[in-house]
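Take a look at the letters that make up each chain.
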Amino acid sequence: SAKFCYRAGGSMPWSYACIVDRLDFTTEVVNQMGPQASASHNPTYPLYPSTRESAGGMYNASNGYFAGGRNYIYSTEISSVTRMDFTTETTSFSTNLPQKRTIVCGISGIKKRSRSSSDIDGKSISSTYGYFAGGFYNPPPGPKDTIDKIDLSTETTSPAKNNLTQARNALVAVSSLNYGYFAGGDGPGDEVVTIDRLYFSSETASTAGNNLPQAKDGMTAVSNSNYGYFAGGIVGSSTYYDTINRIDFANETVSLTGNNLPIARRGGGGVFNVNYGYFAGGNTPPHPSNSETVDRIDFSNETISPSNNLPQTNRFLAAVSSSNYGYFGGGGYPYKDAIDKIDFSSETMGVVSNDLPQARDGLAGLSNANYGYFGGGGYPYKNTIDKIDFSSETTDTAANNLTQTRTQLSAVST
């Protein structure tokens, strides 16, 4: 699974086993989860129901499967397939192989949100392209529909093949395996409900199957492999929201999660790993003031709980995520160049020793395995893209700029 590796069964002196060992990827500690089985004892244990050796293992995002093998007591090959639910760590009968067999080899087809490439320093990267979309530009003043593409292997930027279906700023973005979704924002006349879908392979943009239930801008977004979450937001200058909308990537339906932020707010930054999303900072009513609050959403049950706060109050910041840390850069007012970080393993907060090359708010962030990129923002508006190297936490300016200066834009990576 995303957190653990499981090894089941096997042979021991004069017996086979129904033991399940679990390796915790975070701590690298191995725990034995089931009892041993002797030659004369074949217990039914909820983690691995039968003693056997030489079974084949395979898995998907939700379950692991142990197929076939040899039973010690009857000294015969078996055909049964046992399913292990990663969430509950319980097992149940799944199906039978077409024939009994042992020394089984299993493979798994796991989709990866990545393309094979290397970046400008020769490191392998997990994302090939990033997209900065929308924003506010002056002159001429007004929301924009522009989508810029950054090739993360060379840090070159260019206009994407298509623009958003509707010009807007203060929008947010999430991404699935194949698509980027740009939600809400402030259009030429008012806030919008629109969710646009960007198909990564062709860079075509169209409206998604459903819109937000409420027009608003200034939301905070996080996502996992199955859902994107849009939290908070504002309509006009005084109507703040605490609701969290969810888009299901499988069918693009949009719904409320049923759990809200503890305090209504807008203009925060979102980071996430495979288990949790974090909504940080923003403006809170009644008189708009900057917040240091960080709320955590548990992706397994969508409950909301407080995490540790940012080291300083902040709003209109940008956020990027590595595998171990989330980084919150820029923001204000007054404008900030500081980068705060959250350690996903402990949820402790800290400050990165290196700042962004320039202070600004209203910027947008995207990342791959090695770097986080912060683009646009500020006043006067910027077209520069700054970056943080996750391995050293050093900061620098990327090789190229956005195609136009703008603020209050959004960003995703493939």
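The rules behind each value
Residues numbered from 1 in each chain as written. Predicted model: local features only at pLDDT ≥ 70, side-chain atom pairs only at ≥ 80, totals over all residues. Heavy atoms only, no water. Helix = DSSP H or I, 4+ residues; strand = E, 2+ residues; numbered from the N terminus. Buried < 20%, exposed > 50% of the residue type's maximum accessible area, 1.4 Å probe, protein only. Lys, Arg positive; Asp, Glu negative; His and termini not counted. Salt bridge = Lys/Arg side-chain N within 4 Å of Asp/Glu carboxyl O. Pairing = 2+ DSSP bridges. Axes fitted to C-alpha atoms, helices over the stretch in contact; angles between N-to-C directions. Patch = residues over 30% accessible without salt bridge, like charges linked within 9 Å, V, L, I, M, F, W, Y side chains within 5 Å. Areas by Shrake-Rupley, 256 points an atom, 1.4 Å probe, with all protein chains shown as cover. Contact = heavy atoms within 4.5 Å. Phe/Tyr/Trp six-rings, centres within 6.5 Å; stacked < 30°, edge-to-face > 60°. Lys NZ or Arg CZ within 6 Å of the ring centre and 35° of its normal.

**Some points on the side chain of Asp340**
- On the secondary structure map, Asp340 appears in strand E34 (residues 339–343).
- It turns out Asp340 is buried and unbridged, and the closest side chain with the opposite charge, Lys336, is 7.6 Å from it.

**Quick word on unusual backbone geometry**
- Cis geometry is found at the peptide bond from Tyr333 to Pro334, where omega equals 5°.
- Take Pro334: it is sitting in the loop between strand E33 (325–329) and E34.
- With an omega of 0°, the peptide bond between Tyr379 and Pro380 qualifies as cis.
- By the secondary structure assignment, Pro380 is in the loop between strand E37 (371–375) and strand E38 (385–389).
- Notably, Gln408 is not glycine yet its phi reads approximately 55°, a positive angle.
- Locating Gln408 in the fold gives a position in the loop between strand E39 (395–397) and strand E40 (410–413).

**A look at the sheet that holds strand E20 (residues 220–223)**
- The four strands lie next to each other as E20-E21-E24-E25, forming an open sheet whose pairing is antiparallel. Each of the sheet's edge strands pairs with one partner strand only, and the pair in question is E20 and strand E25 (254–256). Put simply, the sheet's adjacent strands are angled 25° from each other on average, direction ignored.
- Pairing geometry for strand E24 (residues 244–248) and E25, over three bridges, is antiparallel. Bridge assignment links Ile247 to a residue of E25, and that residue is Val254.

**What about the environment of Phe328?**
- Here Phe328 is to be found in strand E33.
- For Phe328, a relative accessible area of 1% translates into the label buried.
- Separated by 24 residues in sequence, Phe328 and Val352 have C-alpha atoms that sit 9.7 Å apart.

**Section: a nonpolar patch on the surface**
- Together, Tyr333, Tyr335 and Tyr379 make up an exposed nonpolar region whose accessible area comes to about 380 Å².
- Topologically, Tyr333 is positioned in the loop between E33 and E34.
- A residue is classified by how much of its surface remains accessible, and Tyr333, at 57% relative accessible area, is exposed.

**So, the pairing of E37**
- The element E37 is extensively covered by neighbouring structure, given that five of its five residues are classed as buried.
- Neither face of E37 is left uncovered, since the one carrying Tyr371, Tyr373 and Gly375 and the one carrying Gly372 and Phe374 both have all their residues buried.
- Across four bridges, strand E36 (residues 364–367) lies against E37 in antiparallel orientation. Residue Leu366 lies in a different strand from E37, and its bridge partner there is Tyr373.
- Counting the residues that bridge the hairpin from E36 to E37 gives three residues.
- Looking at chain direction, E37 and E38 are connected through five bridges and run antiparallel. Its bridge partner being in E38, Gly375 is matched across the sheet by Ile385.

**Focus on the environment of Asn324**
- Topologically, Asn324 is positioned in the loop between strand E32 (318–321) and E33.
- Sequence separation between Asn324 and Ile342 is 18 residues; the distance between their C-alpha atoms is 8.6 Å.
- When near neighbours in sequence (up to four residues on either side) are disregarded, Asn324 contacts Ile342, Asp343 and Phe344.

**Section: the packing of aromatic side chains**
- Per the counting criterion, the structure on display carries 14 aromatic pairs.
- Considering the side-chain rings of Tyr131 and Phe200, the 5.8 Å spacing of their centres and the 15° angle between planes classify their relative orientation as stacked. Taken as a pair, Tyr131 in strand E11 (residues 129–133) and Phe200 in the loop between strand E18 (195–199) and strand E19 (204–207) lie far apart in primary sequence, 69 residues in all.
- By relative accessible area, Tyr131 is classed as buried at 0%.
- Given the relative accessible area of 4%, Phe200 is considered buried.
- Measuring from centroid to centroid gives 6.2 Å for Tyr325 and Tyr327, while their planes differ by 55°, and the two rings are tilted.
- Residue Tyr325 is classed as partly exposed on the basis of its relative accessible area, which comes to 25%.
- In textbook terms, an aromatic cluster arises when at least three aromatic residues are bridged by ring pairs, as seen for Tyr179, Tyr181, Tyr199 and Phe249.
- Just above the ring of Tyr276 sits the side chain of Arg296; from NZ or CZ to the centre is 4.6 Å.

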